[in-house]
Amino acid sequence: MPHSPEDKKRALTRLRRIRGQAEALERAVEAGTECGALLQQIAALRGAANGLMAEVLESHLRETFGHQRDEADGAAAAPDAEIDGIMRLLRTYLK
């Protein structure tokens with residue numbers, strides 16, 4: 001779960017957007033929209049869900065590994081460079 005108020009607000013905004021996309025997809029299916037347009041909407045929905053997953057995962061990694069490092073060696077900063085690298089890699093797979 002996102003820990004900071006900003007992260008939580010951003011996650012909720014994304015969820016509301018995803019809900020809107022899902023409702024639009026439902027209406028399109030009910031209306032008999034052609035498959036190409038449906039596939040495009042499904043891809044957009046999947047992209048939005050993957051974006052949310054990436055944000056929550058990044059927040060989790062920073063919270064988990066930042067605290068572990070702080071406790072282990074007294075460092076003041078989280079391992080931002082390592083987490084940034086991991087997230088760049090994961091985002092390529094989540095597209």
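Everything here concerns the structure above.
So, a few notes on the structure that sits alongside this text. Residue indices begin from 1 for each chain and proceed along its sequence in written order. In view of the model being predicted, local features appear only for residues whose pLDDT reaches at least 70, and side-chain atom pairs are presented and counted only at 80 or more, with totals across whole chains, interfaces and linings using the full set of residues. As a rule here, side-chain values cover all heavy atoms of the structure and leave hydrogens and water aside.

### Some words on the overall build of the protein
Part 1 of the argument: Numbering of helices and strands runs from the N terminus, with a helix taken as a DSSP run of H or I at least four residues long and a strand as a DSSP run of E at least two residues long. Counting its secondary structure elements, the protein contains 3 helices and 0 strands.
Part 2 of the argument: For the protein, the N- to C-terminal ordering of α and β elements is α-α-α.
Part 3 of the argument: Exposure is judged per residue with a 1.4 Å probe applied to protein chains only, and the accessible area is read against the type maximum: over 50% gives exposed, under 20% gives buried, and values in between give partly exposed. Counting every position in the protein, which comprises 95 residues, the buried fraction comes to 22%.
Part 4 of the argument: Note on contacts: a residue pair qualifies if any of its non-hydrogen atoms lie within 4.5 Å across the two residues. Expressed as a percentage of contacts within the protein between residues at least 6 apart in sequence, the contacts between residues at least 24 apart total 52%.
Part 5 of the argument: With the model as given, the accessible surface of the protein reaches about 6,800 Å², and the carbon-plus-sulfur share is 59%. Reported accessibility uses the Shrake-Rupley method at a 1.4 Å probe radius. Residues are deemed covered only where the shown protein chains occlude them.

### Quick word on the side chain of Glu55
Part 1 of the argument: Secondary-structure assignment places Glu55 in helix H2 (residues 35-73).
Part 2 of the argument: Side-chain polar atoms of Glu55 contact the side chain of Arg10, separated by 3.2 Å.
Part 3 of the argument: With sequence-adjacent residues up to four places away left out, Glu55 is seen in contact with Arg10 and Arg14. Under the rule applied, a polar contact is a pair of N or O atoms within 3.5 Å (in protein, one hydrogen donor and one hydrogen acceptor; residues adjacent in sequence only if both atoms are side-chain atoms).

### Examining the environment of Lys8
Part 1 of the argument: Considering the arrangement of structural elements, one finds Lys8 in helix H1 (residues 5-31).
Part 2 of the argument: In sequence terms Lys8 and Val56 are 48 residues apart; their C-alpha atoms lie 9.2 Å from each other.

### Some thoughts on helix H3 (residues 80-94)
Part 1 of the argument: Residue count minus one, scaled by 1.5 Å, sets the expected span of a helix. Look at H3: 20 Å from first C-alpha to last across 15 residues, which is about the 21 Å you get at 1.5 Å a residue.
Part 2 of the argument: Listing the buried residues of H3 in full gives Ile83, Met87 and Leu94. Relative to the axis of H3, the buried residues are bounded by an arc of 35 degrees and lie together on one face. Among the exposed residues of H3, those oriented more than 90 degrees off its buried face are Ala81, Arg88, Thr92 and Tyr93. In this description, one arc is meant: the one made by directions from the helix axis to the C-beta atoms.

### Overview of the nonpolar core
Part 1 of the argument: Among buried residues, the Ala, Val, Leu, Ile, Met, Phe, Trp, Tyr and Cys ones that are joined through side-chain atoms within 4.5 Å form a nonpolar core. In terms of nonpolar packing, the biggest core is built from 8 residues, these being Ala11, Ile18, Leu25, Ala28, Leu38, Leu45, Ala48 and Leu52.
Part 2 of the argument: Elements that contribute at least two residues to this core include exactly H1 and H2.
Part 3 of the argument: In terms of nonpolar packing, the next biggest core, distinct from the first, is built from 5 residues, Ala54, Ile83, Met87 and Leu94 among them.

### Focus: the environment of Glu82
Part 1 of the argument: Position of Glu82 relative to the elements: it lies in helix H3.
Part 2 of the argument: We classify Glu82 as partly exposed; its relative accessible area is 48%.
Part 3 of the argument: C-alpha separation for the pair Glu82 and Phe65, spaced 17 residues apart in sequence, amounts to 9.9 Å.

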